[in-house]
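Reading the structure
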6 protein chains.
Amino acid sequence: MTALPQPAPGASAGARTPYYRPIAGEAQVFHYAYESRLPLLLKGPTGCGKSRFVEAMAASVGRPLVTVACNDETTATDLLGRWLVRGGDTVWQDGPVTRAVRTGALLYLDEIAEAREDVIVVLHSLSDHRRALYVDRIDATFEAPPEFMMLVSYNPGYRRALKELKPSTRQRFVSLAFGYPAPEIEAEIVCAESGVDLAAARRLVALAGRIRALDELGLAETASTRLLVGAGTLIRRGLAPRLACHVAVVQPLTDDPVTAAALQDLADLTF
Amino acid sequence: MTALPQPAPGASAGARTPYYRPIAGEAQVFHYAYESRLPLLLKGPTGCGKSRFVEAMAASVGRPLVTVACNDETTATDLLGRWLVRGGDTVWQDGPVTRAVRTGALLYLDEIAEAREDVIVVLHSLSDHRRALYVDRIDATFEAPPEFMMLVSYNPGYRRALKELKPSTRQRFVSLAFGYPAPEIEAEIVCAESGVDLAAARRLVALAGRIRALDELGLAETASTRLLVGAGTLIRRGLAPRLACHVAVVQPLTDDPVTAAALQDLADLTF
Amino acid sequence: MTALPQPAPGASAGARTPYYRPIAGEAQVFHYAYESRLPLLLKGPTGCGKSRFVEAMAASVGRPLVTVACNDETTATDLLGRWLVRGGDTVWQDGPVTRAVRTGALLYLDEIAEAREDVIVVLHSLSDHRRALYVDRIDATFEAPPEFMMLVSYNPGYRRALKELKPSTRQRFVSLAFGYPAPEIEAEIVCAESGVDLAAARRLVALAGRIRALDELGLAETASTRLLVGAGTLIRRGLAPRLACHVAVVQPLTDDPVTAAALQDLADLTF
Amino acid sequence: MTALPQPAPGASAGARTPYYRPIAGEAQVFHYAYESRLPLLLKGPTGCGKSRFVEAMAASVGRPLVTVACNDETTATDLLGRWLVRGGDTVWQDGPVTRAVRTGALLYLDEIAEAREDVIVVLHSLSDHRRALYVDRIDATFEAPPEFMMLVSYNPGYRRALKELKPSTRQRFVSLAFGYPAPEIEAEIVCAESGVDLAAARRLVALAGRIRALDELGLAETASTRLLVGAGTLIRRGLAPRLACHVAVVQPLTDDPVTAAALQDLADLTF
Amino acid sequence: MTALPQPAPGASAGARTPYYRPIAGEAQVFHYAYESRLPLLLKGPTGCGKSRFVEAMAASVGRPLVTVACNDETTATDLLGRWLVRGGDTVWQDGPVTRAVRTGALLYLDEIAEAREDVIVVLHSLSDHRRALYVDRIDATFEAPPEFMMLVSYNPGYRRALKELKPSTRQRFVSLAFGYPAPEIEAEIVCAESGVDLAAARRLVALAGRIRALDELGLAETASTRLLVGAGTLIRRGLAPRLACHVAVVQPLTDDPVTAAALQDLADLTF
Amino acid sequence: MTALPQPAPGASAGARTPYYRPIAGEAQVFHYAYESRLPLLLKGPTGCGKSRFVEAMAASVGRPLVTVACNDETTATDLLGRWLVRGGDTVWQDGPVTRAVRTGALLYLDEIAEAREDVIVVLHSLSDHRRALYVDRIDATFEAPPEFMMLVSYNPGYRRALKELKPSTRQRFVSLAFGYPAPEIEAEIVCAESGVDLAAARRLVALAGRIRALDELGLAETASTRLLVGAGTLIRRGLAPRLACHVAVVQPLTDDPVTAAALQDLADLTF
C-alpha cells in the first residue's frame, strides 16, 4: 500500500495546481457531490486521466489530497494505522485513511476493486449518512469534518469477472464514467503534458484513434492518453517519431509480433 | 472490522432518534422478540433500510447500539477483544461483542453471511438458551443481561451459492424479510432523507419502479431506496434531474454502455 | 473457539439440572459407555436436542461439562492452552480440553466434523486405550482420571461430502443416532421449554410434521424442535400464532418466496 | 501434533509390556530390520493393530517409544523443537523426533501420509545411511545411536489419490502389510482386550466377517478389530448384545439408515 | 528476494564496465528514456542478455545499479525496508527500492511479472509523473532524484496466461523487445564471454540456429545465448565438444530421451 | 528444511571418502564444470545414486559438503539465515547456503523442483557470472570463493506436470542425466553397500531388471538400487531371501495386492 500525501494548499497552492483539461460536466458533478457530502466513484480505462482529475479537484476546493493505491495485499490496518515500536517507545502512526479524516482531506482510493473486502468495509461507515471512522486499535471514533470527501476509482474493463464491486458498496457512490477525450482536446493535453508541438500531438492522437477503432486485435486494453504523452516526450527529446511510437505505443500494447507489426504499420502511416 | 458505538440514550435520546418509517409489522415482531430474549435475523436487498430499522429499534428501547460490519477478514479476536501493548503496559481491550454484552447493548452484525465460521460460532452460545459469552483470552464468561439483544442481517439475493448461513445458525434466529416499501411510503422516505420536494421524490420512486420491473437487464442488484435518496439530494442542491439520475442511479447500477443507455432512457422519460 | 465452563455440581447441582426428556435408550447407552471409559459420538440434525442431552447426562453423573463449539478456525493450541504475557509475566492458560482432563469433566466437542484435522488428532490419544493428553508446549502428559469422558457431535445431513469424519476417527467412538422425538414427546418438550400451552404446542408439532413430510421443497434442513420452541415462546408472549410461525418457522427455513408461501399455507392451515 | 512419551523400560518394563498377539512373521521382520538399522513402514487399515504392534516391539527390545500422530498441521518445528520464552528466560525444548534420537528411542510416526512434505523431508536423513538429524534452530547435528529406529504407518485404503507417499520416501523403508487377523486369533484378541467371554468374542468376529464380506455397501472402511473390542466391552458391562452391536459396530460404520438397517440385520442374526 | 548492490562507479568504473555488445538501437532508446525520466520495460526470452544490457547501461551513465530478482514471495516490505531489532536496539534498514531512490541509482526489477501485486503497486508512484516513493513504516516520502531510473524485465513467452502485467502497469513503461542477436554478433558474444575460439563459437551459434528453427520439439524455451556460453566455456577447458553440447545444451533443454537424442544428433552434425 | 554439514576434509578426509562406483563420464563432467565455475544439475530417478555421487565428488575435490533437502515449506530465510534471540542476546545464525558460500563448500540442493520460487531465485545470482549471494537481513553481499560450487538434483519422472523447473533456472546449469547402472556394476554396488555375497547381489539385480522391464504394472516408480541394497542387507543378516524381497522390494513398490503378487512371483522365480 502506498499513500502519497500532497502538501496542504496555502499561499502557493495556485502555483502547484496540476494541469487538468475538463472534458464534460465532470467538475460540476464533483462540486455538487462535494457540497452534498456524497462520495464519488470514477469509472474508466487506464491512463484516461482519473488521477489527474482528482488532483485538480482537490486543488479547486483547496484541500489536501491523500491517495491510496489499492491492491490485494492492503489490509485495514495499513489504512487505519498501527502501533509501532521505535527506540523502546510505542507510538501510534495514523494510516492514510485516518489522516485524511482527521485533516479533512480528500481521500482517493485508486483501483478500489483490487482491495480486499475488509478494506472496502472500512469505507462503509465513511460513505453513508454516518460519515464516521472507527479505529478499533485506539478505540476511537472520528467523525469526518465537512471538508472531507472520499473518492474511489475503478476500471470496469479489466478483469471484469474477477474483481467486481459488491452492489452494497457501489450503491453508496455517486458515479462518473470517464472515457478518452475528443481528439482536439486530447491533442491539447498531449501537447501540454509532453511539450511536443501541436502537429505531432495531433498525429499521435490520430494514431490512437486508429488503434482504438481496431476491435479485432484482442488487446487487453487500448492506447491511452498516457501512452501518447510518453511518445510525445520522446519525440520532443529528439527520438525519431516512428521509433518513439514503437517503444512508447506499440510495444507497451502487445507482446505478439504479428499484432506489433500491424500497430507499427499504423504508426508508420501516421508519421 | 468496524464497530461504531452509538451514544447511550439519555436525556437527549429523543433528539437523536433516527428517522425511520415503519412499513409493516416489523417493529411489533422486534418488540416481541426483544421481550422473549430471542435473537433476530433481518433479510433483504442492499439499501432497503435494514440498518435504519436497527437504529430506530435501539432508540425505541432506549439501549445503545453496537454495529459490526462483517467481512471475511473479521476474526473472533476482533470481535471479542485483545491484549494490547501500550507504553510498556499490557491492557485488555474489549472487542465490540464483549462491549455489547457487558453494557447490555443491542449488537448488530451487518452482513453476517460474509463473516468467517469462527465469528458465527462465537454467536452460538449467545443466541440460544445459554445467552453467554466466553472470552478465552481472559478466561472469563459473561452472561448477557436481559437488555442485551443480538440482531444480524443478511442479503439472500447476493452471491447466493457462495455465502450461505448454515441451518444450525439460521434456526437460532427469529427472521424478518425486508423488501422495498410501497411507492407512497418510499416517496415519503426519499423526501424526508434527501430534502427534495415530494413531486420529485415521487418521480424518483416511479423511475425505481420501472427499473425494478426490468428483469431482463441482468443487473447484479436493482435500484435501492438509498440510490433514490442520493439522486434526490443532488436534485435538491440544484443539479439537473436527468444528470442527477445519470450519476446517482444509472451509473451506480451498471458499467455496460447499452444497459446504461436503456436506464437513462427511463430516467429521461420520467423527468 | 468458544468454551463454556459449567459450574461443578455440588449442593445445588440438583437445582440446576437442565430439562431433558429422554426419548429412547440413549441415557442407558451413555451410562454403559461412561462406565466402560469409551467415548461417545452423537449424530443427528440441528436442533434435535443433542446439546441438551449432554447437559442432562453431565448433571446425572455429577460432573462439570466443558463444551467446545468446533469450527475450522479452531486450532490445537486453542484447545490445549497457550502461554500468555500479562503484565510482564508469562503465565500458562489451560485450554478447554486440558482443563477438562485435569478436572475430570465431561468434554463435549460440538460439530466435531467442522474442526481441522489437527484438532481431531489431539483427541486420538484421549479416545483410545491410552486415555492420555500430551501438551507439547509445557512438555506434560495428563492421564485422564476415570471421571473424564469425551463426547462429540456431528450432523451427518449437512455438507455431507465436504466434512466427513475419517474412519480412523469414527471407529474410536460408541455412536448414537438422534432424530426428532415422537409427536407427543415433542409437544411435551415444546410446552416445557417455551411455556406455551399444550394445545398450541401440539399444533406446532403437527406443523413440523407436515413440513418434515415435504421432501420436494429442497430445504437445506427441515423444521427442528428448536424452531418450534421459538415459535411457542412468541405465541406465549402474545404474538399472533400465524405471524409467530411466519417469523420463527417459515422465514428461518427458506429465503425463496414461493417456498415461504407454501410453508405459510401449512402454518395457516394449522392455526 | 501430539507426542506421547512412554516410560523408559527398566525394572518394571516387563510388567508394562502391552498385550500383543503376533499374527504372522511380522515380529521376525521387525527384529531383522532393527538389527540392520533399517526403518520400517507399516501398512494397513484402521484399527487392525499397527499401534499395538509398535508398542509390543518397543517393549520387546527394551527401548522407550515416542509416538507422533501426524496431521497436515504438524510442522517440522513441532517435531524438532523450539525456543520457548518462560519467565523471561529463553529455553530450548526438544520436539519428539529430537528427543527420540537423543535417547535412542523407537520413533513412531502414525499416519505419515497425513503429514506435510517438510515433515517427511526431516525424516530423509534419518532414514538412509546417514542416520543423522540436523536441527537448524540450534545448529546441531545428532547422529542416531544404534538403538534408535524409525517406524511409520500408513493406511493405503484411505483417500488413496489425495495422500500418497512419494516414491523417494517409500523406497527408504522396509515395508509390512497388515490385515485383520484370522478369526480364531481375532476372537482371542477381542476376548483379551474387552474382557468379554470367548463365545461372545467369536460371535463378534463372525459378525465382522460377514460385514467385511459385503463389498456392495460402499462403506468408507470396514469393521475393524477395534470396533469389536468396543462392542465386547459394552457387552461385558451388561449392555444387551444387539444394542451393543448397534452403537459400537453399526452406527460407527455408517450414517445411512438403509445401510445401518442391513448391518443391524446381520448383528441380529449373529446374537 | 535478493538485491545485489553494485559498486558506485568512480575512478575504477571504467575498469569494471561489463562486456556488452549492442545489437540494435536499444542503447539509444535507453538514453532517450533516461533523459526523459521515463521508466523502461525490457521484454525477451531467458538468457538473451537483458541483465547484461542493464549492467552496461548503468555503467554508461555512471550510476550504481540495484537489482531485485522478483518472485511471488517478495513483499512490499522486502522492497521498502523494515525495522530490525539488533542488540536491543531498533534500527531501520532500507530495502533495495528505497536505497535506489535515495542514492539516485538505476533500479532493475528482474522478472517483474513474477512479483505480487503489492510490489507492483509500490512502483506506480515511482513510474509516473510523481516519481515519488512513500514508505509508510517510517512515514516518509522520497522524491526520486533526476539520476534515478527504474527498469523492469519480463519474459512474455513464459507462463503467458498465468503471469501477465496489468495494462495499467504496462502502459507506464517505454518498452524494448529483445531477441537473440544475429549469428555473427552472437558468435562474437559467445567468443568473448566463454573464451572459446571464434570457429567453435560459430559452430555453437549454428547449432542454436538449428534448434531454434525446430518448432515441433515442444521445448518450453529454446537454446539461449547463455547456454552457448556455458558450452563454450567447457570446450575451452578441454571437454570434448560433443559431450560439452550434451551436458550444456541438450540436457538443459529437455528431459525427454527422444527429444534429447534428436538434439544430440544436431550437435553431432555440427561438431 | 534439513541441512547436513559434513566435516571439512583434512588429514582424515581420505578415510571418510564414501563408496562410489563411477558409471560413465559423470566424474569427468563434474570436474570440468567445477574448474569452469559452472553449477551442475543432476537428473534421475529416486535411489539411483545422485546423492552418493555428490558425496564422492566433494571428497574428490577435498571440500566440505552442505546438503539441503528441499521441500515446499523451505523458505529463503531458512536457507540464508536468521536472527535468533538466545539468552537475551540477538545472534545471527547462518543458513546452510550462506555457510556454504562463506566456507567455499559444495552446496547440494536435493530435489530442487520441490522448493518454492523464492528459494530458487536465491540461487540465480549464485549460478550466473555474478557468483554472489546477497543476504538482505544483514545487508551483506558474499562473493563465492573459487572453491564454491552449487549442485542441484531433480527427478524428472515424478509429478512432471506439477513441479517443473523454469527454463530461466534450468538454463543456468550444466546437466547430467543419471539412470540405473549396468547389471554387473549394479551388482558390485549392492554387494559393497549391503555386505551380501556377489551371487545374491546378482540375483537381486536380475530381479530389478525384470521389474524395470514391466511397463504395464503402473508403478509410480520402479525398483531402485536403494531397494536392492535394503534387501541385500536383510539377506546378509539372515532373513530368508524371498521374505527379504517381499518386505524390502515388493511392498515398498506397491499397495495393490494383485501387483504385489505379480512382483512376488518374480522374486520367487529369482531365488
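Residues numbered from 1 in each chain as written. Chains lettered and ligands numbered in written order. Predicted model: local features only at pLDDT ≥ 70, side-chain atom pairs only at ≥ 80, totals over all residues. Heavy atoms only, no water.

**Notes on unusual backbone geometry**
Residue and element names in this part refer to chain C. Despite not being glycine, Arg37 shows a phi value in the positive range, around 60 degrees. Among the secondary structure elements, Arg37 is positioned in the loop between helix H2 (26-36) and strand S2 (40-43). Residue classification places Arg37 among the partly exposed residues on the basis of a relative accessible area of 34%. (Helix = DSSP H or I, 4+ residues; strand = E, 2+ residues; numbered from the N terminus. Buried < 20%, exposed > 50% of the residue type's maximum accessible area, 1.4 Å probe, protein only.)

**Points about the interface of chain B and chain A**
In this assembly, 46 residues from chain B lie in contact with 41 residues from chain A. A buried area of about 3800 Å², summed over both sides, lies between chain B and chain A, and 53% of it is on carbon and sulfur atoms. Counting the contacts that link chain B with chain A gives four salt bridges. Across the salt bridge formed by Lys166 of chain A and Glu114 of chain B, the nearest N and O atoms sit 3.8 Å from each other. (Contact = heavy atoms within 4.5 Å. Buried area = accessible area lost by both parts, 1.4 Å probe. Salt bridge = Lys/Arg side-chain N within 4 Å of Asp/Glu carboxyl O.)

**Focus on the interface of chain C and chain B**
Between chain C and chain B, the residue contacts involve 45 residues of the former and 41 residues of the latter. Linking chain C with chain B are four salt bridges. Of the charged contacts, one joins Lys43 of chain B and Asp255 of chain C as a salt bridge, the two residues approaching to 2.9 Å between their closest N and O atoms. In this assembly, chain C and chain B are joined by 14 residue pairs in polar contact (both at pLDDT 80 or more). Taken together, the elements giving at least two residues each to the side of chain C that touches chain B come down to strand S1 (2-5), helix H3 (50-60), strand S3 (65-69), strand S4 (81-86), helix H10 (225-237) and helix H11 (241-253) of chain C. The dominant element in the side of chain C that touches chain B, judged by the number of residues it contributes, is H10 of chain C, at six residues. When grouped by side-chain class, the residues that make up the side of chain C that touches chain B number 17 nonpolar, 13 polar and 15 charged. (Polar contact = N/O pair within 3.5 Å; in protein donor to acceptor, adjacent residues only side chain to side chain. Nonpolar A, V, L, I, M, F, W, Y, C, P; charged D, E, K, R; others polar.)

**Some details on the relation of the copies chain C and chain B**
Mapping chain C onto chain B is achieved by rotating through 60 degrees and translating by 0.2 Å along the same axis, at an RMSD of 0.0 Å. Here the transformation between the copies is reduced to the relation of a six-fold axis. (Least-squares fit on C-alpha atoms with pLDDT ≥ 70 in both.)

**Looking at the packing of helix H11 (residues 241-253) of chain A against helix H12 (residues 257-270) of chain A**
Residues and elements named next belong to chain A. Relative to each other, H11 and H12 sit at 145 degrees, their axes nearing to 10 Å. By crossing handedness, the relation of H11 to H12 is classed as right-handed. Contact residues: Arg242, Cys245, His246, Val250, Gln251 and Leu253 in H11; Ala260, Leu263, Gln264, Ala267 and Asp268 in H12. Partitioning the contact of H11 with H12 into residue classes produces six nonpolar, three polar and two charged. (Axes fitted to C-alpha atoms, helices over the stretch in contact; angles between N-to-C directions. Left-handed = near helix turned anticlockwise from the far one by under 90°.)

**What about the nonpolar core?**
One finds Phe30, Leu40 and Phe53 of chain D together with Ile211 and Leu234 of chain F to be the most contacted residues of the largest nonpolar core, which totals 55 residues. Apart from residues no more than four positions distant in its own chain, Leu234 of chain F is found in contact with Tyr32, Ala33, Ser36, Leu38 and Val174 of chain D together with Leu239, Ala244, Val247 and Ala248 of chain F. (Core = buried A, V, L, I, M, F, W, Y, C linked by side-chain atoms within 4.5 Å.)

**Some thoughts on the domain arrangement of chain A**
Interfaces are often sized by the accessible area lost when the parts come together. Residue and element names in this part refer to chain A. Per the domain assignment, the segments of chain A are domain 1 (11-177) and domain 2 (183-270). On a C-alpha basis, the centroid separation for the pair domain 1 and domain 2 is 31 Å. Across the contact, nine residues belong to domain 1 and nine residues belong to domain 2. Together, the buried faces of domain 1 and domain 2 total about 860 Å²; carbon and sulfur atoms form 51% of this surface. Linking domain 1 to domain 2 there are one salt bridge. Between Arg52 and Glu193 there is a salt bridge; the shortest N-O distance is 3.0 Å. Classifying every residue of the side of domain 1 that touches domain 2 gives four nonpolar, three polar and two charged. (Domains from an automatic or database assignment.)

**Regarding helix H3 (residues 50-60) of chain F**
Residues spaced three or four apart along an α-helix point in a common direction, a consequence of the helix completing one turn every 3.6 residues. Judged by how many residues are buried, H3 of chain F sits mostly within the fold: eight of 11 residues are covered. Looking one or two residues past H3 of chain F, Gly62 of chain F carries a phi angle of roughly 65 degrees, positive in sign.

**Concerning the confidence of the model for chain A**
Residue and element names in this part refer to chain A. The pLDDT averaged across chain A works out to 84; a share of 87% of its residues lies at or above 70. Taken as a whole, residues 1-16 scores under 50 in pLDDT and shows 39 contacts with residues more than four places along the chain or in a different chain. We note a pTM of 0.78 for the whole complex and an ipTM of 0.83 for its interfaces. (pLDDT = per-residue confidence, 0-100.)

**Some words on the packing of helix H9 (residues 198-212) of chain C against helix H12 (residues 257-270) of chain C**
Residue and element names in this part refer to chain C. Closest axis-to-axis distance for the H9/H12 pair is 10 Å, and the angle between their directions is 145 degrees. Both H9 and H12 take part in a crossing whose hand is right-handed. Of H12, the residues touching H9 (which contributes Arg203, Leu207, Arg210 and Ile211) are Leu263, Leu266, Ala267 and Thr270.

**As for the environment of Phe53 of chain D**
Residues and elements named next belong to chain D. Within the secondary structure layout, Phe53 lies in helix H3 (residues 50-60). For the pair Phe53 and Thr254, spaced 201 residues apart in the sequence, the C-alpha separation amounts to 28 Å. Once residues lying within four places of it in the same chain are set aside, the contact partners of Phe53 are Tyr20, Glu26, Ala27, Phe30, Leu42, Leu176 and Phe178.

**Things to note about the pattern of salt bridges**
Residue and element names in this part refer to chain C. Per the counting criterion, the structure on display carries 66 salt bridges over all chains. Its salt-bridge partner being Arg202, residue Glu184 comes within 2.9 Å of it at the nearest N-O pair. Pair noted here: Glu184 is in helix H8 (residues 183-194) and Arg202 is in helix H9, with a separation of 18 residues, a long-range link. Glu184 sits in the partly exposed class, given a relative accessible area of 45%. By relative accessible area, Arg202 is classed as partly exposed at 42%.

**Section: the pairing of strand S6 (residues 106-110) of chain D**
Residues and elements named next belong to chain D. Among the five residues of S6, five are classified as buried, and the element is accordingly described as predominantly covered. The sheet contact formed by strand S3 (residues 65-69) and S6 spans five bridges and is parallel. For Val66, the partnering residue across the bridge sits in S6 and is Leu107. By the bridge criterion, four bridges tie S6 to strand S9 (residues 149-154) in an arrangement that is parallel. Following the sheet pairing, Leu106 is matched in S9 by Met149. (Pairing = 2+ DSSP bridges.)

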